[in-house]
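Each chain is listed here by its residues.
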Amino acid sequence: HIAGIVPAVSKFGLRAEVFCTVPVLKMGQMIMYEAHQNRNMEGEFDGFSLDDVDAAFSRVRTLKYSQPMRVMGLGTEAIVVAPQRA
């Protein structure tokens, strides 16, 4: 789930590459900004900051729909990923 990228990066130090389409990226940013604002309106919230949201989503590489991307694994093997409809 795209919302999981913020805690994965800010709390757990995720360094793996993350791929998605531009609409998914923008929707994820919007959801996380709104979640942060809603939590702050309810009281003190220190789960993540808006800077954490920006930092996490700046790491995402965007792909066009059906655009294949070759990703190297831990060894010499590679896989090909491509965004598709859910």
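### Structural notes on the confidence of the model for the chain
- With 100% of its residues at a pLDDT of at least 70, the chain reaches an overall mean of 91.
- Mean pLDDT in the chain bottoms out at strand β3 (residues 69-72), which sits at 89, and peaks at helix α3 (residues 50-58), which reaches 95.

### A look at the pairing of strand β4 (residues 78-81)
- For β3 and β4, the ladder comprises four bridges, and the chain directions are antiparallel. What sits directly across from Met-69, in β4, is Val-81.
- Connecting β3 to the antiparallel partner β4 that follows it, the hairpin turn spans five residues.

### Things to note about the nonpolar core
- Core analysis: the largest hydrophobic core is formed by 14 residues, its most contacted members being Ile-5, Val-6, Met-32, Phe-48, Val-53, Phe-57 and Val-60.
- Those elements giving two or more residues to this core turn out to be α1 (5-10), α2 (22-42) and α3.
- Apart from residues no more than four positions distant in its own chain, Met-32 is found in contact with Ala-3, Val-6, Phe-48, Val-53 and Phe-57.

About the cut-offs
- Residues numbered from 1 in each chain as written.
- Predicted model: local features only at pLDDT ≥ 70, side-chain atom pairs only at ≥ 80, totals over all residues.
- Heavy atoms only, no water.
- pLDDT = per-residue confidence, 0-100.
- Helix = DSSP H or I, 4+ residues; strand = E, 2+ residues; numbered from the N terminus.
- Pairing = 2+ DSSP bridges.
- Core = buried A, V, L, I, M, F, W, Y, C linked by side-chain atoms within 4.5 Å.
- Buried < 20%, exposed > 50% of the residue type's maximum accessible area, 1.4 Å probe, protein only.
- Contact = heavy atoms within 4.5 Å.

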